[in-house]
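Fold and geometry: a report
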Amino acid sequence: MTIDNAEIRKADHHVAPQADHGDQAKTILNRIAQLRAWLFLAALIVAFEIWARIDFGGTFIGSSFNWQSVAVFAVAPLLLAIGQTFVIISGGIDLSTGFIMGLAAVVAAHIATIAGLYMPLPIAMVFGILVAMLAAAVPGLINGLLISRLKVPPFIGTLGMFGVARGTAFLIAGGTTVPVKNSYFAELGNGRFYGVPYLVIVTLVFVVIMHYLLSQTRFGQHNYAIGANAQAARRAGIDIKSHLLRLYILSAVCAGLGGALYAARFTAGAAQAGEPLLLDSVAAVVIGGASLFGGSGTIVGTIAGALVIAVIQYGLVFMNVEPFWQFIAVGIVIIISVLIDQAQRRFSGAKQDE
């Protein structure tokens, strides 16, 4: 029995559109999954706006003060999350950033105050920030050596550094907060340029630099390659040990800048400054679309994730809701984001660990 060519062409004519529709559906669903952070953010803003109008006849969206407050709320977790983004894309995790931030805050407060006795206050402010970031780089260097040279799992190595950085910060602070006696430092933390907080401006500049580093440089491309397949990256000639060493130093430096800006905002350094922000930093990265399996993630997505957390935190305060609900809300969003990521990986046929 033979099949006429015309019948074959007719069958192909009917089958092809179905495949096209299936591809289009996959593309649309993947796009929605990739944009989940921005969709979460839009849904939260609309929900708080409706809530505000119903509850007290006001507006959430229409207040510039609200947006300034949300931006300031997002600064510290975003800076920690930027470094965490690089680490998670590589397939690792950094649990030490919270207390590295606290260590940097204490160092910045001490140095800015002491340096102000011997040099102009603006220079003392800059010097304090730079020394704080340098001090933060030290535990980052140790993390990198443990993970890249001694093959300590990132979870264990950075968890140990969590305790070391915590104890060191409290020792330097003498168990108390360290006041900053530098008017320029205080202005950096609380001043505004045409209504935009200086903290936000500094953070935006830093974030743009980190976005360029991740998306446009060889370092960023190597980071994706290592996270996607470390063995293939090694065969391609990438020096994984050196990369991981620089990676954890970068993560610590991001936390160091966060600690310095914290000291500027509150005109005091506190050893526990970043303790509650570790979860927020990881959450921002996950909500922003990065996979905990490594190999994917963007700085833009992390920005969206940090804004989601900031809107939740400030929005609940704005609506006079008990702050403990913040943890529940953020936790729910994290779980949803991870479920979406797993569903996306199954849908695209990506390999998962059982």
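Residues numbered from 1 in each chain as written. Predicted model: local features only at pLDDT ≥ 70, side-chain atom pairs only at ≥ 80, totals over all residues. Heavy atoms only, no water.

Some thoughts on the environment of Val282
Checked against the element boundaries, Val282 lands in helix α12 (residues 277–287). Counting along the chain gives 194 residues from Val282 to Ile88, while the straight-line C-alpha distance between them is 8.7 Å. (Helix = DSSP H or I, 4+ residues; strand = E, 2+ residues; numbered from the N terminus.)

Some words on the confidence of the model for the protein
Here the protein averages 86 in pLDDT, and 88% of its residues register 70 or above. Across the protein, the element-wise mean pLDDT spans from 54 in helix α1 (residues 5–34) up to 96 in helix α8 (residues 198–216). The model gives residues 7–19 a pLDDT under 50, and that stretch makes one contact with residues more than four places away or in other chains. Scored below 50 in pLDDT, residues 350–354 makes seven contacts in the model with residues more than four places away or belonging to other chains. (pLDDT = per-residue confidence, 0-100. Contact = heavy atoms within 4.5 Å.)

Examining the packing of helix α4 (residues 97–115) against helix α11 (residues 240–266)
If you want to describe how two helices pack, look at the angle between their axes and the distance between the axes. Packing of α4 against α11 brings their axes to within 7 Å, and their N-to-C directions diverge by 50 degrees. Overall, the two elements α4 and α11 adopt an arrangement that is oblique. Between α4 and α11 lies a crossing whose hand is right-handed. Where α4 abuts α11, its residues Thr97, Ile100, Met101, Ala104, Ala105 and Ala108 lie against Ser251, Ala252, Ala255, Gly256, Gly258, Gly259, Ala260, Tyr262 and Ala263. When the residues that make up the contact of α4 with α11 are grouped by side-chain class, the tally is ten nonpolar, five polar and no charged. (Axes fitted to C-alpha atoms, helices over the stretch in contact; angles between N-to-C directions. Parallel < 35°, antiparallel > 145°, perpendicular 65-115°, else oblique. Left-handed = near helix turned anticlockwise from the far one by under 90°. Nonpolar A, V, L, I, M, F, W, Y, C, P; charged D, E, K, R; others polar.)

Notes on the packing of aromatic side chains
Across all of its chains, the model carries twelve aromatic pairs by this definition. Their ring planes at 90 degrees and their centres at 4.7 Å tell us that Phe193 and Tyr194 sit as a pair that is edge-to-face. You can call Phe193 partly exposed: its relative accessible area is 45%. The exposure class of Tyr194 is exposed, given its relative accessible area of 77%. Three or more aromatic residues joined by ring pairs make a cluster, and in this case those are Phe48, Trp51, Phe56, Phe60, Trp67, Phe73, Tyr314 and Phe318. (Phe/Tyr/Trp six-rings, centres within 6.5 Å; stacked < 30°, edge-to-face > 60°. Buried < 20%, exposed > 50% of the residue type's maximum accessible area, 1.4 Å probe, protein only.)

Describing the nonpolar core
Among the nonpolar cores identified, the biggest contains 99 residues, and Ile82, Phe86, Ile129, Phe185, Ile287 and Val308 are the most heavily contacted of them. Among all residues touching Ile287, those that are not within four sequence positions of it are Arg36, Ala37, Phe40, Gly305, Val308, Ile309, Val333 and Ser337. (Core = buried A, V, L, I, M, F, W, Y, C linked by side-chain atoms within 4.5 Å.)

Considering the layout of surface pockets
Volume-wise, the second largest pocket comes out at about 500 Å³. Taken together, 21 residues form the lining of the second largest pocket, with Phe73, Pro276, Leu277, Asp280 and Gln313 sitting closest to its centre. Where the lining of the second largest pocket is concerned, the elements lending two or more residues are α3 (64–89), α11, α12 and α14 (325–348). In terms of residue count, the dominant contributor to the lining of the second largest pocket is α3 (six residues). Taken together, the residues that form the lining of the second largest pocket break down as 16 nonpolar, three polar and two charged. (1 Å grid on protein atoms, 1.4 Å probe; cavity = no way out; pocket = protein on both sides within 12 Å on 5 of 7 lines; lining within 4 Å. Points joined across faces, edges and corners; volume = space filled by probe spheres on them.)

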